[in-house]
Amino acid sequence: MIVRSLADIKGTAQDVAAPTWVSRRLLLARDGMGFSLHETIIFAGTETHIHYRNHLEAVYCIEGEGEVETVADGRVHAITPGVTYALDRHDEHYLRARTELRLVCVFNPPLTGREVHDEKGVYPLLSEAAD
Ligand code: 9YT
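What comes next is a walk through the structure. (Residues numbered from 1 in each chain as written. Predicted model: local features only at pLDDT ≥ 70, side-chain atom pairs only at ≥ 80, totals over all residues. Heavy atoms only, no water.)

Section: the pattern of salt bridges
- Per the counting criterion, the structure on display carries eight salt bridges.
- Salt-bridge contacts for Arg 4 lead to Asp 31; the nearest nitrogen and oxygen are separated by 2.9 Å. Highlighted residues: Arg 4 in the segment before helix H1 (6-9) and Asp 31 in the loop between strand S2 (21-27) and strand S3 (36-42), separated in sequence by 27 residues.
- For Arg 4, a relative accessible area of 33% gives the class partly exposed.
- On the basis of relative accessibility, which here comes to 17%, the residue Asp 31 falls in the buried class.
- Glu 67 is the salt-bridge partner of Arg 96, the closest N and O atoms lying 2.7 Å from each other. With Arg 96 in strand S9 (residues 93-97) and Glu 67 in strand S6 (residues 66-70), this pair connects stretches of sequence that are 29 residues apart.
- Owing to a relative accessible area of 26%, Glu 67 belongs among the partly exposed residues under this scheme.
- Here the residues in one salt-bridge network are Glu 47, Glu 67, Glu 69 and Arg 96, joined through shared partners. (Salt bridge = Lys/Arg side-chain N within 4 Å of Asp/Glu carboxyl O. Helix = DSSP H or I, 4+ residues; strand = E, 2+ residues; numbered from the N terminus. Buried < 20%, exposed > 50% of the residue type's maximum accessible area, 1.4 Å probe, protein only.)

What follows is the structure, encoded as C-alpha cells:
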C-alpha cells in the first residue's frame, strides 16, 4: 500500500509551480496505478489555457469558485465545490479562478512527473522508459 500526504510532497520534485497554479502530484506513473492523482491550487484572478492532447483528465473542485470554458463551443461552466469536469474529448479549455481553486485531478495515462505545460497548454506524452 502507498500512503502519502501533502506534507511529504511539499518542497520536493512532486511539488510543481507554474505562473497560475501549483500542483502536488500525489501519485505518478511510477506508482503503477494506471492514473496519476494531483491536488492543484489555481491562483485567484487567473486564467489558464489548457489542452491535454495526450491525456484524459478529470477534475473535482473541493474549494473556491471559478469557471471552465470549452474553446470548441464557447460554453462556460461554473466551478464550485462539489463540481467535477472530465475532459473526455481532450477538450481545449480556459480555466478561470475567481477565488483560489483547490482541485483534485486525475490523469489517464498517468503523468510521469516531468511534464510541464508548453506554450499551447499541452503536456507531451512521456513514458517512464524514455525522455
Ligand atoms: C487543473 C489541472 O488541469 N490540473 C492538472 C494538474 C497540474 N496542472 C499538474 O500537476 O501539472
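Text resumes after the structure shown.
Considering the pairing of S9
- With burial as the criterion, only one face of S9 is covered, namely that bearing His 93, Leu 95 and Ala 97; the residues Tyr 94 and Arg 96 on the opposite face remain uncovered.
- In this sheet, S9 lies alongside strand S4 (residues 47-50) in antiparallel orientation, the contact comprising four bridges. Following the sheet pairing, His 49 is matched in S9 by Tyr 94.
- With five bridges connecting them, S6 and S9 associate as antiparallel partners. By the bridge assignment, Glu 69 is partnered in S9 with Tyr 94. (Pairing = 2+ DSSP bridges.)

Some thoughts on the layout of surface pockets
- Taken as a whole, the largest pocket holds about 200 Å³ of empty space.
- Taken together, 16 residues form the lining of the largest pocket, with Thr 70, His 77, Tyr 85, Ala 86 and Asp 91 sitting closest to its centre.
- Of all elements in the fold, only S6, strand S7 (76-79) and strand S8 (84-86) reach the threshold of two or more residues within the lining of the largest pocket.
- Across the lining of the largest pocket, the residue classes break down as seven nonpolar, four polar and five charged. (1 Å grid on protein atoms, 1.4 Å probe; cavity = no way out; pocket = protein on both sides within 12 Å on 5 of 7 lines; lining within 4 Å. Points joined across faces, edges and corners; volume = space filled by probe spheres on them. Nonpolar A, V, L, I, M, F, W, Y, C, P; charged D, E, K, R; others polar.)

A few points about the side chain of Glu 39
- Secondary-structure assignment places Glu 39 in strand S3.
- Polar contacts involving the side chain of Glu 39 include one to the side chain of Arg 102, which spans 2.9 Å.
- Glu 39 has contacts with Leu 6, Val 22, Ser 23, Arg 24, Leu 26, Ile 62, Arg 102 and Leu 103, leaving out every residue within four places of it along the chain. (Polar contact = N/O pair within 3.5 Å; in protein donor to acceptor, adjacent residues only side chain to side chain. Contact = heavy atoms within 4.5 Å.)

Observations regarding the sheet that holds S7
- The strand order across the open sheet built from four strands is S4-S9-S6-S7, with neighbouring strands paired in antiparallel fashion. The sheet is open, and its two borders are formed by S4 and S7, each paired with just one other strand. Adjacent strand axes in the sheet meet at a mean angle of 20 degrees, parallel and antiparallel pairs treated alike.
- Pairing analysis gives four bridges linking S6 to S7, with the strands arranged antiparallel. What sits directly across from Gly 66, in S7, is Ile 79. (Axes fitted to C-alpha atoms, helices over the stretch in contact; angles between N-to-C directions.)

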